[in-house]
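Next come the chains, spelled out residue by residue.
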Amino acid sequence: MLSFSDFNYAVRLLIKSPFFAVITMLVLAGGLAVSMYVYSVLNTMLYKPLPIGDAQQVVRVQGKEKNRNRSLDAFELAQMQQHAQTLDEFGLYVNGASIIFDQGATRSVKTTYASWNIFQFSRTKPLLGRGFVQGDGRPGAEKVAVLSHRVWQATFAGDPAIIGSVVRIDNIPTRIVGVMPKYYTFPISAEMWIPLNDIELNPIGYADAPMSAFARVKHDTTIREVNTELTSILKLTQLQFQVSKEDEDIIDAAFVSSFQLAQTGNEGEIVFLLLNVVSIFILLLVCINVGNLILARTNERVNELAIRLALGAPRGKLILQMMLESIIICLVGGGFALMLCGWMLGLTDAFFNNAFEGDLPFWWSWGIDLDTVQSTVIFVFFAMFLVSFLPTLSATNLNINTVLKDGSRGSQGKFTGKVSRALVIVQIVLISVIVLLGSIMAIVAGRVANVDFGMDTTNLLHTEIALDETTYTDEDKQLMFFQQLLSRLRVNPEFESAMLLQELGAVKFGTDDVAYESEDSYPKANLVILSESEQLVGMDLLNGRSFDSRDNKDGLKTAMISQYLADTHFGGSEALGKRIKLVEDETDDEYTIVGILSDVKRGDLFVESALTHAAIYLPFAQSVMPSAGVLVKYRGIEQRAREELINSVNSVDSFMVPSRIRNYDEMLAKLTMMATTMTDLFIRCGIFSVLIAMTGVYGLTSNTIVQKTQEIGLRRALGADDLDIIKHFVKQGAVQLSIGFFIAALLVAPILIAATSLIGISPLLSILVGLGIILTISSLVTVAIYIPARKAVLCEPSESLRYE
Amino acid sequence: MSSENLIQLINVEKSFLTEDVETKALNGINLNIGKGEYVSLSGPSGCGKSTLLSVLGLLDTQTAGQYILGGHDVSDLSRAERAAVRNKQIGFVFQSFNLISDLTIAENVALPLTYRKDMNKSQISEYVQHALERVEMQHRSKHYPSQLSGGQQQRIAVARAIVGSPPLILADEPTGNLDSKNAEIVTSLLERLHQDGATVCIVTHNPEAAKRAQRQISLFDGVIHSDVRGVVVDDDTVIKAPIMAASVGSV
């Protein structure tokens, strides 16, 4: 067994070669840190248990329609709550926004309307006051709310006396009963909680109220069992209420997932898997390089090892002694990596919290935690194995006779040559895969960063107005409010233009001159409700007219369509005057096209599809609704415009304030920032790995060329000139590149196919990316081969022939 | 002895600089070797014989002096030109055979020809076959060096040296790693090459091998110490005609 003196000896050897020791430790620390960082960032986002008590069993209940996640109706969830045997502590919630009125000031806060048990469910006691109790949702009960720590500090200056006081929330006197601890924002990023009432929680039929649910999976129950049960309850409910549901999009299944996966959507796990593959590949590259450095060192010591073996040292002990050096390098490198990773996680946490203050899911908090430490231990052991593998194999193959007779030129040289050639191929495979994934991310990042929304977003402010339906009881009152608001905004010198705009999602439509075989064959477009407006905000009228006073409740049913829709379905400007019909429209009305608007990107902003620019606009006056988005283009200073927007709303209804006012550019910037930042981060990791791979290929090739110094001398003695020698090694490199690319192609083919279909990267672009990668890696590898080969031919052949 | 010189060295010097100390490996060598001569170079370790062979083979450049090979001054050739001269005019045989272990015997022998731009594959194959026949190793053409004995490997090295029909064969201790039987075979091979018209120059420690050369040059401390031409009178008697019995600097 190894003793302390062996450890001492290994340390002494490392101290004797400080450059080697520092380089190997730093390279290893870099690779480990990148892998740990990527793992830790993604683990926190997707897999780490929520920072609440008993988090392992916590799930979110959702519906699925043709593989797209959908919210379930409150009624469906209520049925599941009542009948599901596989879930415990079931509760409903829906996220929204509320306006808090406090001494003349108003503040829009993100509010979670939830079952009374939400705080018990999340095992979190209020910092001040109380949480909800069962009676809080009973009809006639006093309205209550619980504040987040953030709102308590920002709106009420952290005044403890707020507990028990009554504040107007959404114009309703509401008693503040509690304040939650700092950082608690369950279920995602709530700033205030209001209990759902019993009617909302237990509707007697479909309530047209999409909601989510939280629950705990019972012990000894699998997720599959839960999903099966929930889906059967859903199907049964749909069957019983078939009549009222016949015109709705049917949700195919109900399922549970963690809050984290629900937040990132279906692609979250794929991204997690791909990025972790990348990070493991980076670690592999680093380990190969460090292993190669240690192998070169082992070869230097091969005579010493042979002498020790000849003197009777047990081979096993010698191998362990050599491994000890690798182990020390890995342990110290791991320590550095942990510090580096912690530093990078801290930066990430600070960056995201600054950039997305209050908008981040509460579990997105990065730093060194138990998971990171555990992953460090695993990664370090992984690295130890990989780093020690080659030197150990080399030592195991050591032939004492050959070595003592020929020095290191015998079997060790050949072994190293074979290993080096194989490792160059491995590096080419790894780096091809990493660069491909990095390229796909770069394409996505490029799309996100340069996404053309098709709108002039300069000086645009947006807010949501939700009318209280107890005051604005019918469509006429609701229409009057919005018309008055638009009039006030339009006469206000701060604003250049104003309009209402409400997106209602995708709808199927038909045209009057095409017969469709089945419901599935109808084309789809985004349905948008737009107010009358002489001057459109952010969009351009290309043909016909925009909505005006003629498009009222009693007038001809009219519509505008996007240019894309006009071009694809109506032959461009010929669309004017034609009629369209919405498939799921209860009224059976036909809409006459009166105008064509410029294309604006809608739906999933980062994926191009047939739906992206297809839009049907209906006049607000013919489709009145109690809530709508208000879009204004301001002239002067943004702050004044914000104030005037609130004043204008107040001037129509003194109890009404707009929800959070957002600057459109800012909104879009935030939308793209997360994607671009994360992608940027991973592209940097990709560049790091390319550097590592290239230095690795250089190191391995140098090693091979050094081993072949005599052969080079011989070839030159036989008449090869410098170019012949360089060509010989480049040709060898070309063979390695071909094998590497072939293996990489087998590995990345599924990724490319997935990228083509999932992210919408065209096959041509995929091929171009592939060719670009082949060209780039080939060039880099050729340079990495050329430099040591060039160096090798510079010395005289006689010198090369004498080299040992 | 041929009247025409193949090699002319005029005041050739070679110095090595190690840690600011200059060591003169060759110190003003003047040497003429005629076409078709069989010359041995001998002397104690460190006397400069291998350095001299390297300079003769254009494996190394002299620090000073002039080298005329086949009537052409090769002292100041570019690297590529030197490579071309090595390829076409010189064949090397090394003590440690220096066969490339990854290549077959035929590929090893073909190696010098692969660097000639004017030869196609069938020509190369024909030359290789002929060279292997001359050393009686044609039956091992598809084997690898590791499958051959030391003597066989050296015969392959000789085949490689003669495959391109160079006028000059340089051999550095060609029998140094061989037993007496194999040493005899290789020495005979070199003699046969000489009889066929090649100029052969061997470096050797072995007095017996040196004696079999027509001309024996002995070096000491980087200078030619003696240069003796041996004339074979009968099978057992050699009459030596001294060309030069020089002390250092006497040339």
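Residues numbered from 1 in each chain as written. Chains lettered and ligands numbered in written order. Predicted model: local features only at pLDDT ≥ 70, side-chain atom pairs only at ≥ 80, totals over all residues. Heavy atoms only, no water.

**Description of the overall build of chain B**
Which entries qualify depends on this criterion: Helix numbering and strand numbering both begin at the N terminus, where a helix is a DSSP run of H or I of at least 4 residues and a strand a DSSP run of E of at least 2. Think of it in three bands: residues with accessible area under 20% of the maximum for their type are buried, residues over 50% are exposed, and the middle band is partly exposed, with areas taken using a 1.4 Å probe on protein chains only. Any pair of residues with heavy atoms lying within 4.5 Å of one another is described as a contacting pair.
The helix and strand tally for chain B stands at seven helices and 11 strands. By residue count, 52% of the 251 residues in chain B fall in the buried class. Pairs at least 24 residues apart make up 66% of the contacts formed inside chain B by residues separated by at least 6 positions.

**A word on the overall build of chain A**
The criterion, for reference: Values of accessible area rely on a 1.4 Å probe in the Shrake-Rupley scheme; residue burial ignores everything except the protein chains shown.
In terms of helices and strands, chain A carries 23 helices and 22 strands. Within chain A, the proportion of its 804 residues that are buried is 52%. Across chain A, contacts joining residues at least 24 apart in sequence account for 80% of those joining residues at least 6 apart. Of the roughly 35900 Å² of accessible surface on chain A, 59% is carried by carbon and sulfur atoms.

**Regarding helix α3 (residues 74-83) of chain A**
By the criterion of burial, α3 of chain A is predominantly enclosed, with seven of the 10 residues buried. Within α3 of chain A, burial applies to Ala74, Phe75, Glu76, Leu77, Ala78, Gln79 and Met80 of chain A.

**Regarding the nonpolar core**
Residue and element names in this part refer to chain A. What counts is decided by this rule: Throughout, nonpolar core names a set of buried Ala, Val, Leu, Ile, Met, Phe, Trp, Tyr and Cys residues whose side chains join them through atoms within 4.5 Å.
If you look at the biggest cluster of nonpolar residues, it comprises 152 residues, and the most contacted ones within it are Leu28 and Phe186. The dominant element in this core, judged by the number of residues it contributes, is helix α2 (residues 18-47), at 15 residues. If we ignore the near neighbours within four places in the chain, the residues touching Leu28 are Val286, Cys287, Val290, Ile329, Cys330, Ala383 and Val387. Among the nonpolar cores identified, the runner-up in size contains 46 residues, and Ile580, Ile596, Ala614 and Met625 belong to it.

**Considering the interface of chain B and chain A**
Applicable threshold: Note on definitions: buried area is the accessible-area loss of two parts on being combined, 1.4 Å probe, summed for both. In protein, a polar contact means a hydrogen-donor-capable atom and an acceptor-capable atom, both N or O and within 3.5 Å, with residues adjacent in sequence counting only if both atoms are side-chain atoms; elsewhere, any N or O pair within 3.5 Å suffices. Under the scheme applied here, ten amino acids are nonpolar (Ala, Val, Leu, Ile, Met, Phe, Trp, Tyr, Cys and Pro), four are charged (Asp, Glu, Lys and Arg), and all others, including Gly, are polar.
At the interface, 23 residues of chain B touch 21 residues of chain A. The contact between chain B and chain A buries some 1900 Å² in all, and 51% of this surface belongs to carbon and sulfur atoms. At the surface where chain B touches chain A, the tally comes to nine residue pairs in polar contact (both at pLDDT 80 or more). Within the residue set of the side of chain B that touches chain A, elements represented by two or more residues are α2 (79-89) and α3 (105-114) of chain B. With six residues, the top contributor of residues to the side of chain B that touches chain A is α2 of chain B. Split into classes, the residues belonging to the side of chain B that touches chain A amount to 11 nonpolar, five polar and seven charged.

**So, the packing of α3 of chain A against helix α7 (residues 223-240) of chain A**
Residue and element names in this part refer to chain A. Test applied: Structural elements are reduced to axes, namely lines fitted to C-alpha atoms, with helices fitted over the stretch in contact, and the angle between N-to-C directions of any two is expressed from 0 to 180 degrees. Oblique is the label for any angle not covered by the other classes, which are roughly parallel (under 35 degrees), roughly antiparallel (over 145) and roughly perpendicular (65 to 115). Less than a right angle of anticlockwise turn of the near helix away from the far helix marks a crossing as left-handed, whereas a clockwise turn marks it as right-handed.
Across the interface, α3 lies against α7 with an axial gap of 9 Å and an inter-helix angle of 125 degrees. When the axis of α3 is compared with that of α7, the two are oblique. Judged by the twist between their axes, the crossing of α3 over α7 is right-handed. Note on element contacts: α7 touches α3 through Glu229, Leu230, Ile233, Leu234, Thr237 and Gln238, opposite Phe75, Glu76, Gln79, Met80 and His83.

**Points about helix α11 (residues 302-310) of chain A**
All names here are of chain A. Our working rule: By construction, the arc corresponds to the directions joining the helix axis to the C-beta atoms.
For α11, every residue scored as buried is listed here: Val302, Leu305, Ala306 and Leu309. Projected down its long axis, α11 shows its buried positions confined to an angular sector of 100 degrees, all on one face. Where α11 terminates, the next one or two residues include Gly312, which has phi positive at roughly 105 degrees.

**Digging into the pattern of salt bridges**
Put simply, the rule reads: When a carboxyl oxygen of Asp or Glu lies within 4 Å of a side-chain nitrogen of Lys or Arg, that pair is called a salt bridge.
Under the counting rule described, the total for this entry stands at 35 salt bridges over all chains. Close ionic contact of Glu590 of chain A with Arg579 of chain A constitutes a salt bridge, the shortest N to O distance being 3.2 Å. Here Arg579 of chain A lies in strand β18 (residues 579-582) and Glu590 of chain A lies in strand β19 (residues 590-597), a separation of 11 residues in the sequence. Using a relative accessible area of 35% as the deciding quantity, one classes Glu590 of chain A as partly exposed. Put simply, Glu184 of chain B and Arg212 of chain B hold a salt bridge, and the shortest N to O gap is 2.5 Å. Of this pair, Glu184 of chain B sits in helix α6 (residues 180-195) while Arg212 of chain B sits in the loop between α7 (207-211) and β9 (215-220); the two residues are 28 residues apart in sequence, bridging distant segments of the chain. Of the residues examined, Glu184 of chain B reaches a relative accessible area of 36% and is grouped as partly exposed. Ionic contacts of the salt-bridge type, sharing partners, join the residues Asp54, Glu89, Arg123 and Arg216 of chain A into one network.

**Overview of the side chain of Ser798 of chain A**
Topologically, Ser798 of chain A is positioned in helix α23 (residues 797-802). On the accessibility criterion, Ser798 of chain A (4% relative accessible area) is buried. Polar contacts involving the side chain of Ser798 of chain A include one to the side chain of Asp60 of chain B, which spans 3.1 Å. Those residues in contact with Ser798 of chain A that lie beyond four places of it in its chain are Ser54, Leu59 and Asp60 of chain B.

**Some points on the environment of Ile593 of chain A**
Residue and element names in this part refer to chain A. As for its position among the elements, Ile593 is in strand β19. A relative accessible area of 2% means that Ile593 is categorised as buried. Each C-alpha atom of the pair Ile593 and Arg545 lies 9.5 Å from the other, and the pair is 48 residues apart in sequence. Look past the residues within four positions of Ile593 in its chain and what remains in contact with it is Ala559, Ile561, Phe570, Ala575, Leu576, Gly577, Lys578 and Ile580.

**Points about the sheet that holds strand β5 (residues 72-73) of chain B**
Residues and elements named next belong to chain B. Test applied: Paired strands, in this sense, are two strands between which DSSP finds at least two bridges.
Here we have four strands laid out as an open sheet, ordered β2-β1-β4-β5, and antiparallel in their pairing. The sheet is open, and its two edges are formed by β2 (21-34) and β5, each paired on a single side. Here strand β4 (residues 64-69) runs beside β5; their pairing, made up of two bridges, is antiparallel. Residue pairing across strands places Leu69 opposite His72, the latter belonging to β5.

**Notes on the packing of aromatic side chains**
The criterion, for reference: Pairing of aromatic rings covers Phe, Tyr and the six-membered ring of Trp, with a centre-to-centre limit of 6.5 Å; geometry is then stacked below 30 degrees between planes, edge-to-face above 60, and tilted otherwise. Remark: a charge is flagged as sitting over a ring if the NZ atom of Lys or the CZ atom of Arg is within 6 Å of the ring centre and within 35 degrees of the ring normal.
Evaluated as defined, the whole model comprises 21 aromatic pairs over all chains. Ring plane angle 45 degrees and centroid distance 5.4 Å describe the contact between Phe352 of chain A and Trp366 of chain A, whose orientation is recorded as tilted. Of this pair, Phe352 of chain A sits in helix α12 (residues 315-355) while Trp366 of chain A sits in the loop between α12 and α13 (370-396), placing them 14 residues apart in sequence. Each member of the pair Phe352 of chain A and Trp366 of chain A is classed as buried. Ring centres of Phe92 of chain B and Phe94 of chain B lie 5.8 Å apart, and the angle between their planes is 10 degrees; on these two criteria the pair is classed as stacked. Classification of Phe94 of chain B by relative accessible area gives buried; the value is 8%. An aromatic cluster is present here, built from Tyr93, Phe121, Phe186, Phe214, Phe259, Phe362 and Trp363 of chain A joined pairwise through their rings. Here the basic side chain of Lys64 of chain A rests over the ring of Phe255 of chain A, its NZ or CZ set 4.6 Å away from the ring centre. Across the ring face of Phe121 of chain A, the terminal group of Arg216 of chain A is positioned such that the distance to the ring centre comes to 4.4 Å.

**What to know about a nonpolar patch on the surface**
Formally: Two joining distances apply to patches: 9 Å for like charges and 5 Å for nonpolar side chains (Val, Leu, Ile, Met, Phe, Trp, Tyr), and every residue must have over 30% relative accessible area and no salt bridge.
Taken together, Val735, Ile739, Phe742, Ile743, Leu746 and Leu747 of chain A make up a surface patch of nonpolar side chains, about 560 Å² in accessible area. With respect to the helices, strands and loops of the structure, Ile743 of chain A is situated in helix α21 (residues 722-759).

**Re the pairing of β4 of chain B**
Taken residue by residue, a regular strand's side chains alternate between the two faces of the sheet. Residues and elements named next belong to chain B. Where strand β1 (residues 5-18) meets β4, five bridges bridge the pair, whose relative direction is antiparallel. Across the sheet, residue Ile7 finds its bridge partner in β4, namely Leu69. Count of turn residues in the β4/β5 antiparallel hairpin: two residues, of which Gly70 carries a positive phi of about 60 degrees.

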